[in-house]
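If you want the building blocks of each chain, they are given just below.
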Amino acid sequence: MKITHIHTKHFKAPLKTPFITALRRVDMLEDVIVVIECDDGTEGYGEGAPAMAVTGESLNSIIFAIDYLKPHLIGRDIEEFDTLLHLIHTTIAYNNTAKSALEIALYDLKAKASKLPLYQMLGGMRTDFRTDITISMDETEKMVADAQHAVALGYNALKIKIGDNLHKDKERIEAIYHAVDKHIKLRLDANQAWSAKESVALLLSLEKEGIVAECIEQPVAAHDIESLRYIKERVQTPLLADESIFSLRDARQLLQMQAIDYVNIKLAKTAGISKALKLADLAKEYGVKCMMGCMLEGPIAIVAGLHVASAKADTITMLDLDAVNLLRSNPIETYVDFNESHLVLSDSYGLGVMYA
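Residues numbered from 1 in each chain as written. Predicted model: local features only at pLDDT ≥ 70, side-chain atom pairs only at ≥ 80, totals over all residues. Heavy atoms only, no water.

Peer 1: Which residues make up the sheet that holds strand E7 (residues 185–189), and what values do they have?
Peer 2: Spatial ordering of the open sheet is given by E5-E6-E7-E8-E9-E10-E11-E12, a layout of 8 strands whose pairing is parallel. A strand with exactly one partner marks an edge of an open sheet, and here the two such strands are strand E5 (133–135) and strand E12 (316–319). Pairwise comparison of adjacent strand axes, ignoring direction, gives a mean angle of 30° for this sheet. As defined by bridge partners, E7 adjoins strand E8 (residues 215–217) across 3 bridges and the pair is classed as parallel. What sits directly across from Arg 187, in E8, is Cys 215. (Pairing = 2+ DSSP bridges. Helix = DSSP H or I, 4+ residues; strand = E, 2+ residues; numbered from the N terminus. Axes fitted to C-alpha atoms, helices over the stretch in contact; angles between N-to-C directions.)

Peer 1: Which residues make up the sheet that holds strand E14 (residues 337–339), and what values do they have?
Peer 2: Think of a sheet as strands paired side by side through backbone hydrogen bonds, with each pair either parallel or antiparallel. Across the sheet, 3 strands lie side by side as E4-E15-E14; this open sheet has antiparallel pairing. Looking at the sheet topology across the chains shown, the edges are occupied by strand E4 (128–130) and E14. Adjacent strand axes in the sheet meet at a mean angle of 15°, parallel and antiparallel pairs treated alike. Summarising the sheet, E4 and strand E15 (residues 342–344) pair through 3 bridges and their orientation is antiparallel. Within the sheet, the bridge partner assigned to Asp 128 lies in E15 and is Val 344. Across the sheet, helix H12 (residues 299–311) lies against E4, E14 and E15, angled at about 110° from E4, the strand it touches most. (Contact = heavy atoms within 4.5 Å.)

Peer 1: Outline helix H7 (residues 196–208), supporting the account with residue identities and numerical values.
Peer 2: The end-to-end C-alpha distance of H7 is 18 Å, a good match for the 18 Å that 13 residues give at a rise of 1.5 Å each. Where H7 is concerned, the buried positions are Ala 196, Ser 199, Val 200, Leu 202, Leu 203, Leu 206 and Glu 207. For H7, the elements touching its buried residues are helix H6 (166–179), E7, E8 and helix H8 (225–232). Downstream of H7 by a residue or two, Gly 210 has a phi angle that is positive, lying close to 85°. (Expected span 1.5 Å × (residues − 1). Buried < 20%, exposed > 50% of the residue type's maximum accessible area, 1.4 Å probe, protein only.)

Peer 1: Please provide a residue-by-residue account of the packing of aromatic side chains, values included.
Peer 2: All chains considered together, the criterion is met by 1 aromatic pair. Ring centres of Phe 81 and Tyr 107 lie 4.8 Å apart, and the angle between their planes is 90°; on these two criteria the pair is classed as edge-to-face. Here Tyr 107 lies in helix H3 (residues 96–113) and Phe 81 lies in helix H2 (residues 81–91), a separation of 26 residues in the sequence. Looking at Phe 81, the relative accessible area reads 9%, which means it is buried. We classify Tyr 107 as buried; its relative accessible area is 6%. In this arrangement the basic side chain of Arg 234 is found over the ring face of Tyr 230, its NZ or CZ atom lying 3.6 Å from the centre. The ring centre of Phe 246 lies 6.0 Å from the NZ or CZ of Lys 269, which sits over that ring. (Phe/Tyr/Trp six-rings, centres within 6.5 Å; stacked < 30°, edge-to-face > 60°. Lys NZ or Arg CZ within 6 Å of the ring centre and 35° of its normal.)

Peer 1: Explain the environment of Gly 46 to me, and be specific about the residues and the numbers.
Peer 2: Considering the arrangement of structural elements, one finds Gly 46 in strand E3 (residues 43–48). Between the C-alpha atom of Gly 46 and that of Ile 225, which follows or precedes it by 179 residues, the distance is 32 Å. If near-sequence neighbours (up to four positions away) are discounted, Gly 46 is found in contact with Val 32, Ile 33, Val 34, Ala 101, Ile 104, Ala 105 and Ile 300.

Peer 1: Report on the packing of helix H1 (residues 59–73) against H2, specifying residues and quantitative values.
Peer 2: With their axes 10 Å apart at the nearest point, H1 and H2 run at an angle of 140° to one another. As summarised for this structure, H1 and H2 are arranged oblique, according to the angle between their axes. In this structure, the crossing between H1 and H2 has a hand that is right-handed. Note on element contacts: H2 touches H1 through Leu 84, Leu 87, Ile 88 and Thr 91, opposite Tyr 68, Leu 69, His 72 and Leu 73. For the contact of H1 with H2, the per-class residue count stands at 6 nonpolar, 2 polar and no charged. (Parallel < 35°, antiparallel > 145°, perpendicular 65-115°, else oblique. Left-handed = near helix turned anticlockwise from the far one by under 90°. Nonpolar A, V, L, I, M, F, W, Y, C, P; charged D, E, K, R; others polar.)

Peer 1: Tell me about the pairing of E12, and please be specific about residues and values.
Peer 2: Sheet topology places strand E11 (residues 289–292) next to E12; 3 bridges connect them, and they run parallel. Each residue of the ladder has a partner; that of Met 292, found in E12, is Leu 319. The β-α-β motif built from E11, the intervening H12 and the parallel element E12 has right-handed crossover chirality. (Right-handed = clockwise from strand over helix to strand, strands pointing away.)

Peer 1: Account for H8, with residues named and values stated.
Peer 2: Along H8, the residues that are buried comprise Ile 225, Ser 227, Leu 228 and Ile 231. Buried residues of H8, seen end-on, are gathered within an arc of 155° and therefore sit on one face of the element. Each element contacted by the buried residues of H8 is listed here: H7, strand E9 (239–241) and helix H9 (248–256). (Arc of directions from axis to C-beta.)

Peer 1: Kindly report on the nonpolar core, identifying the contributing residues and their values.
Peer 2: Where a protein is soluble and globular, its nonpolar side chains tend to be buried together. Core analysis: the biggest nonpolar cluster contains 120 residues, and Leu 158, Val 263 and Ile 273 have the highest contact counts within it. Sort the elements by how many residues they give to this core and H3 lands first, with 9 residues. When residues no more than four places from it in sequence are discounted, the contact partners of Leu 158 are Asp 132, Ile 133, Ile 135, Ala 147, Ala 150, Val 151, Ile 176, Val 180, Ile 184, Lys 185, Leu 186 and Arg 187. Counting 5 residues, the second largest nonpolar core, distinct from the first, contains Cys 215, Tyr 262, Met 291 and Met 318. (Core = buried A, V, L, I, M, F, W, Y, C linked by side-chain atoms within 4.5 Å.)

Peer 1: So what's going on with the state of the cysteines? Which residues, and what values?
Peer 2: Counted according to the given criterion, the structure contains 0 disulfides. You can see Cys 290 has no disulfide; the closest cysteine sulfur is in Cys 215, sitting 12 Å from it. (Disulfide = S-S within 2.5 Å.)

Encoded structure:
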């Protein structure tokens, strides 16, 4: 199976409602799909979503990086898999989302060549999962209504976006907590909006009321790792690092400092599947569990994350792979069953996606 062509497509899909965080507002999903074609007609699919505020990548930069890497991959055999991954990571610096899109497509091809679902090729067995769903930042009444609607759809974990105003954030969390059943897990995500002292004050205030979220995600700036430890030492609420971890080195530093309780793994941050797997293994060494997260991505990238979660099911215990459920319609055919919170992998070869 020799690689003969690599091309990209611009994928657009409207969202049901605007996706609003402390960092950005998005009204329509727009990302890049990469298709790698082989001489036997087999195609591998990958995907990458721009997130300028997080990865620094745009649609154009993702496409440019993939175009730059094409000549280094075309003509090589998929059996040179490790070499292909090495070329992706060493030929160009940074550009993690572009690298991830190419890696996903290569893993899809490798699993198809092995006549296995990707999760099985990676050593996974689990096929049945539950994801949370994002409650975008808005006025309190709207967020409460969105939370109640999500629970009615069967979600038992809500990822609550906060971070524009501390007083409003506390009001939102309290209102949602009292509006849903107590078995519903609340995952808070401030997207770097607070200071360390603000984080501690707000979380302690909530804890005094008996509101202990399943986790608080990235409350402080990504580079401010000392503040993460400061928070962890002072609150009960478990601390999840997201934007602070792009590389294994980032993770190792935080884990050695005992500054976090959970690691959020995202393929767009780790530059693909290979390093995501290594990140999960590193977290396991320190006895730390992981969330499998996502950017605002389409079905191909979400399915890839699900395969990784299966491969590392002993360490990846939380899923935030809800992006497909945020779409008004899904034009990409998948053999993965997306039923709101319930996600089920199939036994089809590769990723289990089709894109015309």
